[in-house]
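# Secondary and tertiary structure notes
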2 protein chains.
Amino acid sequence: MSVLRVAGAQLPNAVGDLSGNRERALDAMRWAETVGADVLLLPELALTGYPLEDLTHRLDFVEAAKGALQALAAEAGAVTTIVGTIDTVPPRKSWDTRPREIANAAALLCDGEIRGIYHKVLLPTYGVFDEARNFAPGTEPGAVWRIGATLAGVCVCEDIWSSDGPPEAQASAGAQVLLVLNASLFYRAKPERRLALAGSVAQRNGLPLVYVNCVGGQGELVFDGGSLVLDRTGEPRFRVDQFEPTRFCVDVEVATPRPVSSSARTVHARIGPERSALPAPPSPPQLDELEQVWRALVMGTRDFARRAGRDAAVLGLSGGIDAAVTAAIAADALGPERVLGVAMPTARSPARDLTDARRLAERLGIGFEVVAMDPIMSALGGALAPLLEGRPAGEVRHDLLARMRGATLLATSEALGQLALASGNKTELSIGSATLHGDMAGDFAPVKDCPKTLLYRLARHRNARDAAIPEEILSKPPSALLDEGANRPPYDVLDPIVERYVEDGKGFEEIVCAGLDPAVVRGVLQLIDDAEPQRRLIPPGVKVSDRAFGKDLRMPISNAWRPFSAEEARLVPRGEPDPP
Amino acid sequence: MSVLRVAGAQLPNAVGDLSGNRERALDAMRWAETVGADVLLLPELALTGYPLEDLTHRLDFVEAAKGALQALAAEAGAVTTIVGTIDTVPPRKSWDTRPREIANAAALLCDGEIRGIYHKVLLPTYGVFDEARNFAPGTEPGAVWRIGATLAGVCVCEDIWSSDGPPEAQASAGAQVLLVLNASLFYRAKPERRLALAGSVAQRNGLPLVYVNCVGGQGELVFDGGSLVLDRTGEPRFRVDQFEPTRFCVDVEVATPRPVSSSARTVHARIGPERSALPAPPSPPQLDELEQVWRALVMGTRDFARRAGRDAAVLGLSGGIDAAVTAAIAADALGPERVLGVAMPTARSPARDLTDARRLAERLGIGFEVVAMDPIMSALGGALAPLLEGRPAGEVRHDLLARMRGATLLATSEALGQLALASGNKTELSIGSATLHGDMAGDFAPVKDCPKTLLYRLARHRNARDAAIPEEILSKPPSALLDEGANRPPYDVLDPIVERYVEDGKGFEEIVCAGLDPAVVRGVLQLIDDAEPQRRLIPPGVKVSDRAFGKDLRMPISNAWRPFSAEEARLVPRGEPDPP
């Protein structure tokens, strides 16, 4: 049984940071030489960062990336380094009339040279992915690479998510091992799906598989690492930490040589000494799902701030659960000394809300300030009175107050040069009860993809560490429920509907089949559809579900298609009296 | 010479409005029977609206659309109707691992039945288009259709934008005429490009071509109509009005019969009487470019309001050019009686700005209110003083004032149930001098794709009608220039750089080659790159350029890639003193 010693570097994902990425790749290359690896595997687009989006159209960037690859190749030694980057290819039209000249590539570096380049064949163009927009598809799915005594297949991410794609072509071309570069993003069910998928690819093709992922937040996305090594039966032999840059080196027993097709290229022909496989190091313990989500929220917030050039944040502290969880995320992401909580009470605000907000700030160790809203509201109310004559005062006042709080927060963050964090959650955003420019005002909304019931679970999870979120905040009734009262279902009814409709893409019939009340479901689906225009104006936030609002879900703004009539979609009252 | 009488209906584009679209199609079908047409051509996705985006994933919608097509087919008589809609196809994986089951289709209806369906082959996936995300590609580019004595090729939009695509396949399969369904969007250079393209397709294939487009705004896009009929030499024989739903009927001399491939399908086999071609009706006069842009802005704003369920709008009137043009667009789009202008002066605002704003409102006939900002600002200043201690008062005040104006406007619009219009322009948005939540606060920003110099031209163009925009507004120096003073170039230097970099996608070298000062260009490009995070939070607006900010330009948020060092990118001072 032949052994390939494969080193992997789970590098940070930094879009556009060519010099930083090159340095980090080079460090890994030097380390791989010291551990006697045969191959060093780096993530998809490790040199350029992922996703590049329309940076692929910037010729200056493309040239700089090619220069960075040349420079990296010049430093390559005996270890074959496989690094993700972009490559230029002859203009190619595929699904439309626009030629693409850039490929998503894996370059094989050795002995100071670029010895080969593989071009990603399958280009994901669904969910948050737009790769068919930016890349030309590879045309050689069955390419295999001779690295000393071993014939290796190289795939990039989506390439292995088909049941009849590059891994199958490479297996039949004689590959003995599959080396897979990834930029695989996190959502709640993802780590298990990834493991099952990689297992089935290895098992189906009878080949061991090394899967290297990157880590870090980029825009709304978080890449969670969790690199994998599987044997030829599909059993995991080694799993790497999530949410941390790290390196690993594992001896992989490659499949016995098979007949080799003409598509094999030689990276180098040095046959090393026979060696027996050392056992894989022990894998770190798996994080439970809530901890994974928490780390994704923290990493996504930290890296967004960094990319936007901000290192501190300000947010409103209402004394409610949304703001409390957002504050705890910010404290973990930036350090409590770099977070400022601002309470913005009126004379009518319950005193306990201010107490709870202050206590939260104290326990988290973040800054705390109080801005009394009454003088601002009276001034504004006086000024707007002629315009709003005849409008119900309470309704106007509620909107105005939320907006003035949002505006106060934004003005403060701008003056202080800090990031403003919005605290709106996915449930409110779904049904249209988030206030645009109110609780949705900010540069970034960490929990916008977290339904309300998940926020409670996250709060209790975070509290297991140091009980920073006061129990009073967890036990008081949510204010949105009080405000809107009888005509909306409670969160434990809402969230399963939101989850099925938005995240799972199920329709009315399927949702009702799951045993939910048709009248309530109809009403909630209508609210979700009606809130689409609002969702165009919300800040980015961390994706933690299979489908987040944003790039994942691209709905046209149109009130013309509604599956239910207004009559059909009337929410069933919950039978409780309106609050006074 | 054989003659095909082709009727075309340039229908409104209404996404999701299945019943309205079906009614309008049916009206056109009845009309086509009365004019003795052989064929009635409707636009791309006429039955469903365009673009559908992820509505294609909604099974309830897909089923309803198929039902609407069946119902329409049942009404079809002797005239062959070709209507754009969606169709379900066997699941097909193409460029990634996700199967698509929906095709962008052209259905051929006749004698109460669906007699054939063509599936669009080329799926645009660039600029604002995401069709590879949502559709399966057609697999029969060379299908041709026997309609009585004539063999016709049917194409959908992008299908004809290749030099070796479905038109070429259909010509070699025996087509005598090309019938093209389109949802072709407007931008400034588009009508000329469209004409040149259609001409070259007709001429290259030696076939007459009928090109039918839809009209109307959808989200950021405007479809401008301007349907076309060209003869086999590529010469235009008839051009239809832009920006208006309309119908036409033209006798087309089809090419002489050619050898027919096996891919021909029969829609019907009735051979009508020989007839000689009637001359085409006279084409309406061409609109000049500024009038085209004006109508696009008006149509885009009107239809956005309608889709968002609003019929009136409120906007801030600063006395400046941006607000003046936005107000005029709103008045033309919604009717002056449905537009409210709000001036929000402080004691320090120049008196002439208020005078100019009032005069503008009077001349446009829109509502006008004044909200004095000083009481609000003092209340806010007092409340925020402890937070902002030590910050330069002027700088903070400027941001706060812009934001409070934005917040006031948003609160007013919400309370009145109206659309809030933002007035920021493309120049400011490019270089980062638009104020988020300030002049960029609103539900819709009509002129966000218009550079400042274009706004002046548009204002003078609109004034040729009734001089509604006071000359004082056109002649005063722009306030942004006064505020930022010496460290930024004037608009007539900025705009050509913005246009080349953002709209034409040119790089530094190419821009400098055009004769512009390298130091200034470097500084402006840096400002544009740095402002990317701000552009995530701006409302939608009307696309009138080849590349608008929004879906057209998808840049990652990252401060890591900058082609210039901060030192290199320093703007060259203009040699004028800072304003006091």
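Residues numbered from 1 in each chain as written. Chains lettered and ligands numbered in written order. Predicted model: local features only at pLDDT ≥ 70, side-chain atom pairs only at ≥ 80, totals over all residues.

## What to know about unusual backbone geometry
Residues and elements named next belong to chain A. Here is the rule we go by: Helical segments are the DSSP runs of H or I of at least four residues, strand segments are the runs of E of at least two, and each set is numbered from the N terminus.
The residue after Tyr50, namely Pro51, is reached through a cis peptide bond having omega -5 degrees. Looking at where Pro51 falls in the secondary structure, it is placed in the loop between β2 (39-41) and α2 (59-74). In this structure, Asp111 takes a positive phi of about 50 degrees despite not being glycine. Position of Asp111 relative to the elements: it lies in the loop between β4 (100-110) and β5 (113-119).

## A few points about the pairing of strand β9 (residues 209-212) of chain A
Residue and element names in this part refer to chain A. The condition is simple: Residues are called buried when their C-beta atom has 20 or more other C-beta atoms within 10 Å, exposed when it has 12 or fewer, and partly exposed otherwise; all C-beta atoms are positioned from the backbone. If DSSP finds at least two bridges between two strands, the strands pair. Here, the term right-handed applies to a crossover whose path from the first strand over the helix to the second runs clockwise when the strands point away from the viewer.
The alternating pattern of β9 places Leu209 and Tyr211 on one face and Val210 and Val212 on the opposite face, and all of these are buried. Taken together, the four bridges between strand β8 (residues 177-181) and β9 define a ladder with parallel strand orientation. By the bridge assignment for β9, Leu178 is matched with Leu209. The handedness of the β8 to β9 crossover, carried by helix α5 (residues 190-205), is right-handed. Taken together, the three bridges between β9 and strand β12 (residues 228-230) define a ladder with antiparallel strand orientation. If you follow Tyr211 over to β12, its bridge partner there is Leu228.

## Focus on the relation of the copies chain A and chain B
Cut-off, in case you're wondering: The atoms used to superpose the copies are C-alpha atoms, taken from residues with pLDDT of at least 70 in both, and the fit is least squares. Placing C-beta atoms from the backbone, we regard two residues as in contact once those atoms come within 7 Å.
The transformation that overlays chain A on chain B combines an axial shift of 0.0 Å with a rotation of 180 degrees, and the residual RMSD is 0.0 Å. On the angle and the small slide along the axis, the relation comes out as a two-fold axis. By residue overlap, the copies meet face to face through one surface: 99% of the interface positions of chain A are interface positions in chain B.

## Here's the deal with the sheet that holds strand β3 (residues 80-92) of chain B
Residue and element names in this part refer to chain B. Basically, it comes down to this: Interaxial angle, 0 to 180 degrees, is taken between N-to-C directions of lines fitted to C-alpha atoms, where a helix line uses only the stretch in contact.
Pairing is mixed in the open sheet, where six strands are placed in the order β5-β4-β3-β2-β1-β14. Unpaired on one side and paired on the other, β5 (113-119) and β14 (246-253) mark the two borders of the sheet. On average, adjacent strands in this sheet sit at an angle of 35 degrees to one another, irrespective of strand direction. Across six bridges, strand β4 (residues 100-110) lies against β5 in antiparallel orientation. Paired with Ala106 across the bridge in β5 is Tyr118. Contacts from helix α2 (residues 59-74) reach β3, β4 and β5, with the element oriented near 145 degrees to β3.

## Some points on the pairing of strand β6 (residues 144-147) of chain B
Residues and elements named next belong to chain B. Pairing of β6 with strand β7 (residues 150-156) involves four bridges; the strand directions are antiparallel. Looking at the pairing, Ile147 lines up with Thr150 of β7. The turn joining β6 and β7, which pair antiparallel and follow one another in sequence, is formed by two residues; a positive phi near 60 degrees is taken by Gly148. By the bridge criterion, four bridges tie β6 to strand β15 (residues 264-268) in an arrangement that is parallel. Residue pairing across strands places Ile147 opposite His268, the latter belonging to β15.

## Quick notes on the interface of chain A and chain B
Put simply, the test is: For this classification, the nonpolar set comprises Ala, Val, Leu, Ile, Met, Phe, Trp, Tyr, Cys and Pro, the charged set comprises Asp, Glu, Lys and Arg, and every other residue, Gly included, is treated as polar.
At the junction of the two partners, chain A supplies 83 residues and chain B supplies 83 residues. The set of elements that each furnish at least two residues to the side of chain A that touches chain B consists of α2, α3 (131-134), α9 (374-388) and α10 (393-416) of chain A. For the side of chain A that touches chain B, the leading source of residues is α10(A), giving twelve residues. For the side of chain A that touches chain B, the class distribution of residues is 47 nonpolar, 17 polar and 19 charged.

## Description of the sheet that holds strand β1 (residues 3-10) of chain A
Residues and elements named next belong to chain A. Spatially, the six strands line up as an open sheet ordered β5-β4-β3-β2-β1-β14, and their pairing is mixed. Whereas interior strands pair on both sides, the edge strands pair on one side only; in this sheet they are β5 and β14 (246-253). Between one strand and the next, the sheet's axes are offset by a mean angle of 35 degrees, whatever the strand orientation. Strand direction decides the pairing type here: β2 and strand β3 (residues 80-92), joined by three bridges, are parallel. Bridge pairing links Leu40 to Thr81 in β3. Those strands touched by helix α1 (residues 18-34) are β1, β2, β3 and β14, and its axis lies near 150 degrees from that of β2. Sitting on the sheet, α2 is in contact with β3, β4 and β5, with an inclination near 145 degrees to β3.

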